[in-house]
Amino acid sequence: MAEVEKPELVTATDEAALEATFQARLDTETRVEPRDWMPEKYRKFMIRQISQHAHSEYVGMLPEGNWITRAPTLRRKAALLAKIQDEAGHAAYLYSAAETLGTSRDQMLEDLHSGKAKYSSIFNYPTLTWADIGTIGWLVDGAAIVNQVALCRTSYGPYARAMVRICKEESFHQRQGFEIITTLAHGAPEQKAMAQDALNRWWWPALMMFGPHDADSPNSEIAFKWKVKRQSNDDLRQRFVDMTIPQADYLGLTVPDPDLKWNGETGQYDFGAIDWEEFWRVVKGDGLCNRDRLDARRSAHEEGAWVREAALAHAGKKRAAKSAA
Ligand code: FAQ
């Protein structure tokens, strides 16, 4: 199908025709690329989602960063450092993908630092013990993969392509987390207790990562129409639960949900009610670590100003030298 290019003058009728062609392209699974015409609403919707995803990766470095200096062995420390660097890389790809939609990194960071933009609620919980680092890899990266594998088929080309690479790296993260938690769960009674305590604290926040129930998800309808979302919040959450319970069984750990049970009819696990009041409180800024996380990001940004200025000055000098040559 031909590219949809924006004509010089667009009347309301043209706009409707362009939108119809845009939707027809989506319906035939044609990806949207940066130079294609797209409805303003789609552009804004994608900036919202991709930038919030980027912020999650960016803020997501902080809970784990807390343990770099306290990792129990050199090998664990090297793997943790590599993982955190990967998250920085994910943020960088995602900020770049969002920039192709016409926003700037400065704008996105301003929205994060001012508290206007959201990031995943999970990163507002504290990492109290080393077992939390294993649990983040196991559950948080595990949930992120379930969500992001679906996004590899999302309609905006640069985002979908970033997801493919990110998912590969997240798989490594999940494996290293599971290895940490396996060592603890199969270790001394104190280590097993530490693993169980971490699971108790991270289980429910991990389920919240998939967002509100489908019926309470205002963005879902249009996200499906535009093929941004391929599977619903509840379907992905269910997939994560079904995938994770056998892993908890293997570890000999108990998921903190008295209502959890296998349902032979559906072939899935039924699970208890999520505390949505807690979810919204954390999303709105009142979680255990929201203030710390934003303070840390703001001060890192301010302290890094000289690096950005130096890089710009260097690029300016190189440009000047090239045009003088
Ligand atoms: N936290 O209408 P919906 C990672 C907001 S990456 C905070 O259902 P939507 C890697 C939502 O934005 C984790 N806010 O929204 C890693 C919306 O508000 P808005 C991040 C949330 O977009 C691992 C409102 O609630 N992954 O972990 C959350 O259709 C380890 C209504 O919700 C992504 O961002 C939440 N959990 O569906 C890094 C994936 N859930 O924007 C370091 C891409 C919902 O209208 C260490 N994003 N909200 O003001 C998505 O797939 C979707 O945006 C959903 C939400 C599924 C998250």
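Structure's up top.
Residues numbered from 1 in each chain as written. Predicted model: local features only at pLDDT ≥ 70, side-chain atom pairs only at ≥ 80, totals over all residues. Heavy atoms only, no water.

Look at helix 6 (residues 130–151): 31 Å from first C-alpha to last across 22 residues, which is about the 32 Å you get at 1.5 Å a residue. Roughly 35° is the biggest bend found in helix 6, and it falls at Ile-136. (Helix = DSSP H or I, 4+ residues; strand = E, 2+ residues; numbered from the N terminus. Expected span 1.5 Å × (residues − 1). Bend = angle between axes of the 7 residues up to and from the residue.)

In this section: the site of the ligand. Looking at the ligand, there are 36 residues lining it, with Arg-48, Lys-118, Ser-121, Ser-217 and Lys-229 nearest. Side-chain polar atom of Lys-118 to an oxygen atom of the ligand: 2.5 Å apart, as the coordinates give it. Separating an oxygen atom of the ligand from a side-chain N or O atom of Asn-147 is a distance of 3.1 Å. Calculation on the ligand without its partners gives an accessible area of 1100 Å², and the protein chains cover 91% of this total. Of all elements in the fold, only helix 2 (40–59), helix 4 (74–99), helix 6, helix 7 (157–185) and helix 11 (276–283) reach the threshold of two or more residues within the shell around the ligand. Tallied by class, residues from the shell around the ligand come to 14 nonpolar, 13 polar and nine charged. (Near = heavy atom within 4 Å. Polar contact = N/O pair within 3.5 Å; in protein donor to acceptor, adjacent residues only side chain to side chain. Areas by Shrake-Rupley, 256 points an atom, 1.4 Å probe, with all protein chains shown as cover. Nonpolar A, V, L, I, M, F, W, Y, C, P; charged D, E, K, R; others polar.)

Time to look at the packing of helix 5 (residues 105–113) against helix 12 (residues 290–303). Contact geometry of helix 5 with helix 12 gives a least axis separation of 10 Å together with a crossing angle of 140°. Residues Leu-109, Leu-112 and His-113 of helix 5 lie in contact with helix 12, whose contacting residues are Leu-294, Arg-297, Arg-298 and His-301. Looking at the contact of helix 5 with helix 12 residue by residue, the class counts come to three nonpolar, two polar and two charged. (Axes fitted to C-alpha atoms, helices over the stretch in contact; angles between N-to-C directions. Contact = heavy atoms within 4.5 Å.)

Along the chain, the position of Thr-129 falls in the loop between helix 5 and helix 6. Beyond its immediate stretch of four places on either side in the chain, Thr-129 contacts Trp-67, Met-194 and Arg-201.

This next bit is on the nonpolar core. Counting 82 residues, the largest nonpolar core has Tyr-42, Met-46, Ile-50, Trp-138, Tyr-156, Trp-203 and Phe-240 as the members making the most contacts within it. The element contributing the most residues to this core is helix 6, with eleven residues. Once residues within four sequence positions are removed from consideration, Ile-50 is found in contact with Leu-94, Ala-97, Ala-98, Leu-101, Tyr-156 and Tyr-159. (Core = buried A, V, L, I, M, F, W, Y, C linked by side-chain atoms within 4.5 Å. Buried < 20%, exposed > 50% of the residue type's maximum accessible area, 1.4 Å probe, protein only.)

Here the focus is unusual backbone geometry. Trans is the common state for peptide bonds, and a negative phi is the common state for residues other than glycine. Its identity is not glycine, yet Glu-29 carries a phi of approximately 65°, on the positive side. Assignment of secondary structure puts Glu-29 in the loop between helix 1 (12–27) and helix 2. Of note in the backbone geometry, Lys-227 takes a positive phi value of approximately 60° without being a glycine. Summarising the element assignment, Lys-227 is placed in the loop between helix 9 (220–225) and helix 10 (233–251).

Attention now moves to the pattern of salt bridges. Evaluated as defined, the whole model comprises 19 salt bridges. In this structure, the salt-bridge partner of Arg-298 is Asp-295, at a minimum N-O distance of 2.9 Å. Taken as a pair, Arg-298 and Asp-295 lie in helix 12 at a separation of three residues, close to a single helical turn. The exposure class assigned to Asp-295 is partly exposed, which follows from its relative accessible area of 42%. (Salt bridge = Lys/Arg side-chain N within 4 Å of Asp/Glu carboxyl O.)

Right, let's get into the packing of helix 4 against helix 6. Between helix 4 and helix 6, whose axes approach to 13 Å, the crossing angle comes to 45°. With respect to helix 6, the axis of helix 4 lies oblique. Taken as a pair, helix 4 and helix 6 cross one another with a handedness that is left-handed. Residues Arg-76, Leu-80, Lys-83 and Glu-87 of helix 4 lie in contact with helix 6, whose contacting residues are Trp-130, Ile-133, Ile-136, Gly-137 and Asp-141. Classifying every residue of the contact of helix 4 with helix 6 by side-chain character gives four nonpolar, one polar and four charged. (Parallel < 35°, antiparallel > 145°, perpendicular 65-115°, else oblique. Left-handed = near helix turned anticlockwise from the far one by under 90°.)

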